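# An overview of the molecular structure
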Amino acid sequence: MSQTQPRLRIAPLDVGFGLRKQASDAIKRAIMDMELYGHAGEIRLDERQLSEDLGVSRTPIREALSVLEQEGLVRSIPRRGIIVVRKTKREIVEMITVWAAIESMAARLAADNALPADVAALSGLMDAFDEDPSGHLTEYSDANMEFHRAIIRLGGIELMSSLTDALFIHMRAVRAVTMTQDNRAQRSVADHRAIIAALQAGDADLAERLVRAHTLGLAEHVERHGGLLDRQPPAVEAAPCKIYSREK
């Protein structure tokens, strides 16, 4: 587990457009790309560093951080600054349970309504990997999350996607950790292929059951092995999170 302070990967903004939304979107993407649960210390955002890296004044940065705090992604703590929010193990398990309920219903709807080309696109996500993707975990973790997002989209109900957007920010970070444990990457590929087969067959009952079992399997794994999630960051002052751009 890395002990160095993580850094947000972030690029300068286009000053010709609304800066608050650009800043909030850029910071949110950078948070999603971080290993939120692979670092023992708290992750602190430095307003001045963000301002420098995004190439804008502090005003849109403050506004963006306020938006992200309302969305529950960051928290302002007196005398400590802006901290990236990390969930406890119990909160993660609850989030996965909600995710399982939504995605399993989406899979049922998709089995009845999704176009063959849409299901073929799911197969394409998995075809890029062998049965054991452990040698390409970063790429597979990204494809894995896109697979689950796609199933929810194929359910055809926009509210399902909007409800799960916030969940996926933390789920991606949790998946990045759990994919390295207990052969979960290999089992994930097998589960995904079975789900695709059920969707191709138009078997709504089976698709719903497989998605629910697959997702709740993650909840069970976190229950057994998610001790790191309950490890509280040090209460002492930590170095501010360094922010830098991909391109300058």
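Residues numbered from 1 in each chain as written. Predicted model: local features only at pLDDT ≥ 70, side-chain atom pairs only at ≥ 80, totals over all residues. Heavy atoms only, no water.

## Focus on the sheet that holds strand 3 (residues 74–77)
If you trace the three strands from one edge of the open sheet to the other, you get 2-4-3, paired in antiparallel fashion. A strand with exactly one partner marks an edge of an open sheet, and here the two such strands are strand 2 (44–45) and strand 3. Of the strand pairs in this sheet, strand 2 and strand 4 (residues 81–84) are connected by two bridges, and their pairing is antiparallel. The residue of strand 4 that forms the bridge with R44 is I83. (Pairing = 2+ DSSP bridges. Helix = DSSP H or I, 4+ residues; strand = E, 2+ residues; numbered from the N terminus.)

## Things to note about unusual backbone geometry
Most peptide bonds take the trans form, and the phi angle of most residues other than glycine is negative. Residue R79 is not a glycine yet carries a positive backbone phi of 65 degrees. You can see R79 is positioned in the loop between strand 3 and strand 4.

## Some words on the pairing of strand 3
Relative to strand 4, strand 3 runs antiparallel, the two sharing four bridges. Within the sheet, the bridge partner assigned to R75 lies in strand 4 and is I83. The loop that links strand 3 with its antiparallel partner strand 4 comprises three residues; one of these, R79, has a positive phi angle of about 65 degrees.

## Remarks on the packing of helix 4 (residues 89–113) against helix 6 (residues 137–154)
Remark: helix 4 packs on helix 6, axes separated minimally by 7 Å, with the N-to-C direction vectors making an angle of 60 degrees. The angle between helix 4 and helix 6 falls in the class oblique. Between helix 4 and helix 6 lies a crossing of left-handed hand. Where helix 4 abuts helix 6, its residues W99, E103, A106, A107 and A110 lie against H148, I151, I152 and L154. Looking at the contact of helix 4 with helix 6 residue by residue, the classes come out as seven nonpolar, one polar and one charged. (Axes fitted to C-alpha atoms, helices over the stretch in contact; angles between N-to-C directions. Parallel < 35°, antiparallel > 145°, perpendicular 65-115°, else oblique. Left-handed = near helix turned anticlockwise from the far one by under 90°. Contact = heavy atoms within 4.5 Å. Nonpolar A, V, L, I, M, F, W, Y, C, P; charged D, E, K, R; others polar.)

## Considerations on the pattern of salt bridges
Following the criterion strictly, the structure yields 13 salt bridges and no others. In this structure, R193 engages D127 in a salt bridge whose closest nitrogen and oxygen atoms are separated by 3.6 Å. Of this pair, R193 sits in helix 8 (residues 184–200) while D127 sits in helix 5 (residues 116–127), and the two are 66 residues apart along the sequence. Residue E208 is joined to R212 by a salt bridge in which the shortest nitrogen-to-oxygen separation is 3.0 Å. With E208 and R212 both in helix 9 (residues 204–225), this residue pair falls four residues apart, about one helical turn. The exposure class of E208 is buried, given its relative accessible area of 13%. Given a relative accessible area of 32%, R212 falls into the partly exposed group. Here the salt bridges do not stand alone but share partners, grouping R108, D205, E208 and R212 into one network. (Salt bridge = Lys/Arg side-chain N within 4 Å of Asp/Glu carboxyl O. Buried < 20%, exposed > 50% of the residue type's maximum accessible area, 1.4 Å probe, protein only.)

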